[in-house]
Amino acid sequence: MQARLARRKRRRYGAAMVRFENVGMRYGAGPEVLRDVTFVLEAGSFTFLTGLSGAGKTTLLKLIDMTEPPSRGLVTLFGNDLSVTKRSAFPALRRRIGVVFQDFRLLPHLSAFDNVALPLRIAGKRENDYVQDVEELLSWVGLGERMQAKPATLSGGEQQRIAIARAVVARPDLLIADEPTGNVDSEIGQRLIRLFAELNRLGTTVLIATHDRSLIEDLRAREMRLVDGRLVELRSARP
Amino acid sequence: MSLGAPGSILPREKGAAPLDVVIAVMAFLAALALGASLLAERTAAGWRAGLSDRLTVQIVPPANISAKALAREAETALSILRATAGIAHAEMLSESQTQALVAPWIGSGALLSELPLPRLIDATLVPGARIDSAGLARALKRAAPDSELDDHARWIARLAGLAAGITWSAYVILFLIALATASAVAFATRAGLDAHREMVELLHQMGARPSFIANAFERHYFMSTLGAALAGGALAAVFFLVAGSLESAGVEAAPFLPPLGLKMSEIGWLALVPAIAGIIALATARLSVLAALRKIY
Ligand SMILES: Nc1ncnc2c1ncn2[C@@H]1O[C@H](COP(=O)(O)OP(=O)(O)O)[C@@H](O)[C@H]1O
Ligand SMILES: [Mg+2]
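Residues numbered from 1 in each chain as written. Chains lettered and ligands numbered in written order. Predicted model: local features only at pLDDT ≥ 70, side-chain atom pairs only at ≥ 80, totals over all residues. Heavy atoms only, no water.

Residue and element names in this part refer to chain B. On the surface, a cluster of nonpolar side chains totalling about 400 Å² of accessible area is made up of Val172, Phe175, Leu176 and Leu179. Its place among the elements puts Val172 in helix H6 (residues 153-195). Overall, Val172 belongs to the partly exposed group, its relative accessible area being 48%. (Patch = residues over 30% accessible without salt bridge, like charges linked within 9 Å, V, L, I, M, F, W, Y side chains within 5 Å. Areas by Shrake-Rupley, 256 points an atom, 1.4 Å probe, with all protein chains shown as cover. Salt bridge = Lys/Arg side-chain N within 4 Å of Asp/Glu carboxyl O. Helix = DSSP H or I, 4+ residues; strand = E, 2+ residues; numbered from the N terminus. Buried < 20%, exposed > 50% of the residue type's maximum accessible area, 1.4 Å probe, protein only.)

Here it is, written out as structure tokens:
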């Protein structure tokens, strides 16, 4: 009975890349940052997560990439209920997610090339097999000439593009990006969004947290808005 | 490309880190201890070979024995030795040879000619032959009551004991050095993990398995330890080579001590030191990292 229920549940979540059900989140003994958040990211969907600064966008992304566990509610990732998933299975789940951090988190002692190649090395790929991919991707984000540069010698916008290249290089099933266009001018911003859209067309589910409304207008994708820790659905998928 | 060997995820430190100095010194000491045990083995084997195929019989003159009677006893003992199976060769030392033996201690003055010196018979065994020393000693006593057989057994036993003592001391020292090396690497690894905490957290976040992170660290410490231990071991090798060439040039390190020069084949054994140091570092770093990662995984 129990097993059949679990199986049915799993099937029901099968098509969802991410599912939140009545998720609440508080840091330590602080106030609830997220309240009763419920949503589904379907496989292959493209979604914007908007909200004022401090609304809880980064926190929501942290629940998805398993940096933090929710205080309450259900979070499932690729059909796995994270509260009952074995810790030993987490690395494999994490490798299916590409993350663009708000603060980039590049390794300062590695070149742009090596930073971008990192997920491929983690996945156990051999260098010969990925050199060309990494170089092409770096050219695509406009850094073909700076492949050997250390992050400290690059501008904020350039560092951000490296962070994005690193997040997408391994063709993740799910891409989450936290303010990925915060430090670049609008032309580069559009270019980056096109990169995300291209990746999305190839099958990656994309969730982008941003407060930049101009990006959203262009793509006409689904928008979820956080207001005071609660989720408001503003616009559902493409018309 | 720039990536080089996987493992270069950790930044390469510039210059010699404190750990490198510690490892180099440890390796130097370990190579000295190893070399000393090799020397002890070889020297003891040489002494053993030199003594175990020889016998000495002394005819110690008691008070009031005539020189003639002493000579007769000596001749009897000599003929018994020559008749014993397994003895290849036996010869009486002449009076002047015997005097030459004791001259360094009592001088060659008038005293020497007046002193009643024992007669000495030097015998060489057929190589590999086993002699019943106790039986031979009894037979000699019966025919020549003042004879004493010395088969050097006590000496050989002592030398073997000395060599074994040196060898075991060296092993204990090597073990202690290995322990200290492992501790130093464990300490450095923990400091390294702390220094690279952000990187470790990022790798964890990106889905790296613990073994991926451990690999980066173990390679790092393997390479740096190998380099430092090679330097320390090479220094020790130079020490033994210089000592050896000085000795063969006639400069004796210290009289009555075994020679300090190692043969080339023995120098080769010193290569074990950096190899084992590297393996110790690799294993220690790996275990340290995996233990530390258990907290976040
Ligand atoms: N590590 C943390 N510890 C405590 N409070 C936090 C932490 N991270 C974020 N917060 C709080 O949670 C709220 C939401 O923050 P955040 O998710 O970063 O919002 P956003 O990304 O939308 O700007 C803020 O009030 C912030 O102060
Ligand atoms: Mg944020």
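Quick look at the coordination of the magnesium ion (ligand 2) now. Protein-derived ligands of the magnesium ion (ligand 2) are Thr58 of chain A (OG1) and Gln102 of chain A (OE1), with the metal-ligand distances lying across 2.0 to 2.5 Å. Taken as a pair, Thr58 of chain A in helix H2 (residues 57-64) and Gln102 of chain A in the loop between strand E6 (97-100) and helix H4 (112-122) lie far apart in primary sequence, 44 residues in all. (Donors = N, O, S within 2.8 Å, 3.2 Å for Na, K, Ca; no water.)

Space inside the largest pocket adds up to approximately 710 Å³. Around the largest pocket, the lining is made up of 31 residues, and of these Arg87 of chain A together with Glu201, His204, Lys295 and Ile296 of chain B lie nearest the centre. Elements represented by at least two residues in the lining of the largest pocket include exactly strand E4 (72-77) and helix H3 (90-95) of chain A together with H6, helix H7 (197-205) and helix H10 (272-293) of chain B. Looking at the lining of the largest pocket element by element, the count peaks at 5 residues for H7 of chain B. (1 Å grid on protein atoms, 1.4 Å probe; cavity = no way out; pocket = protein on both sides within 12 Å on 5 of 7 lines; lining within 4 Å. Points joined across faces, edges and corners; volume = space filled by probe spheres on them.)

Residues and elements named next belong to chain A. Where H4 contacts helix H6 (residues 156-168), the axes come no closer than 7 Å and their chain directions differ by 30°. With respect to their mutual orientation, H4 and H6 come out roughly parallel. Crossing hand, H4 versus H6: right-handed. Taken together, the residues of H6 that come into contact with H4 (itself represented by Ala112, Asn115, Val116 and Pro119) are Ile162, Ala165 and Arg166. Considered class by class, the residues forming the contact of H4 with H6 number 5 nonpolar, 1 polar and 1 charged. (Axes fitted to C-alpha atoms, helices over the stretch in contact; angles between N-to-C directions. Parallel < 35°, antiparallel > 145°, perpendicular 65-115°, else oblique. Left-handed = near helix turned anticlockwise from the far one by under 90°. Contact = heavy atoms within 4.5 Å. Nonpolar A, V, L, I, M, F, W, Y, C, P; charged D, E, K, R; others polar.)

A few words on the site of ligand 1. All names here are of chain A. Residues in contact with ligand 1, as listed here, are Tyr27, Val33, Leu52, Ser53, Gly54, Ala55, Gly56, Lys57, Thr58 and Thr59. Between an oxygen atom of ligand 1 and a side-chain N or O atom of Thr59, the distance comes to 2.5 Å. No other element matches H2, which puts 3 residues into the shell around ligand 1. Looking at side-chain class alone, the shell around ligand 1 contains 4 nonpolar, 5 polar and 1 charged residues. (Near = heavy atom within 4 Å. Polar contact = N/O pair within 3.5 Å; in protein donor to acceptor, adjacent residues only side chain to side chain.)

With that settled, consider the interface of chain B and chain A. Each side of the interface is counted separately: chain B has 24 residues, and chain A has 26 residues. Approximately 2,200 Å² of surface area, both sides summed, lies buried where chain B meets chain A, with 61% of it carried by carbon and sulfur atoms. Counting across the interface, chain B meets chain A through 0 salt bridges. Put simply, chain B and chain A have 5 residue pairs in polar contact (both at pLDDT 80 or more) between them. (Buried area = accessible area lost by both parts, 1.4 Å probe.)

Now for the pattern of salt bridges. Following the criterion strictly, the structure yields 12 salt bridges over all chains and no others. Salt-bridge contacts for Glu198 of chain A lead to Arg201 of chain A; the nearest nitrogen and oxygen are separated by 2.5 Å. Of this pair, Glu198 of chain A and Arg201 of chain A both sit in helix H7 (residues 186-201), 3 residues apart, roughly one helical turn. Take Arg201 of chain A: its relative accessible area is 64%, and that puts it in the exposed class. The shortest N-O distance in the salt bridge between Arg42 of chain B and Glu266 of chain B comes to 2.8 Å. Linking Arg42 of chain B in helix H1 (residues 18-52) with Glu266 of chain B in helix H9 (residues 264-270), this pair joins segments that are 224 residues apart in sequence. Assessed through its relative accessible area of 24%, Arg42 of chain B is described here as partly exposed. By relative accessible area, which is 10% here, Glu266 of chain B ends up buried.

This brings us to the packing of H1 of chain B against helix H8 (residues 210-248) of chain B. All names here are of chain B. The contact between H1 and H8 brings their axes to 7 Å, and the two run at 45°. Classed by the angle they form, the pair H1 and H8 counts as oblique. The interaxial crossing formed by H1 with H8 has right-handed handedness. Across the interface between the two elements, Leu19, Asp20, Ile23, Ala24, Ala27, Phe28, Ala31, Leu32, Gly35, Ala36 and Leu39 from H1 touch Tyr221, Ser224, Thr225, Ala228, Ala229, Gly232, Gly233, Leu235, Ala236, Phe239 and Phe240 from H8. Here the residues of the contact of H1 with H8 are counted per class, giving 16 nonpolar, 5 polar and 1 charged.

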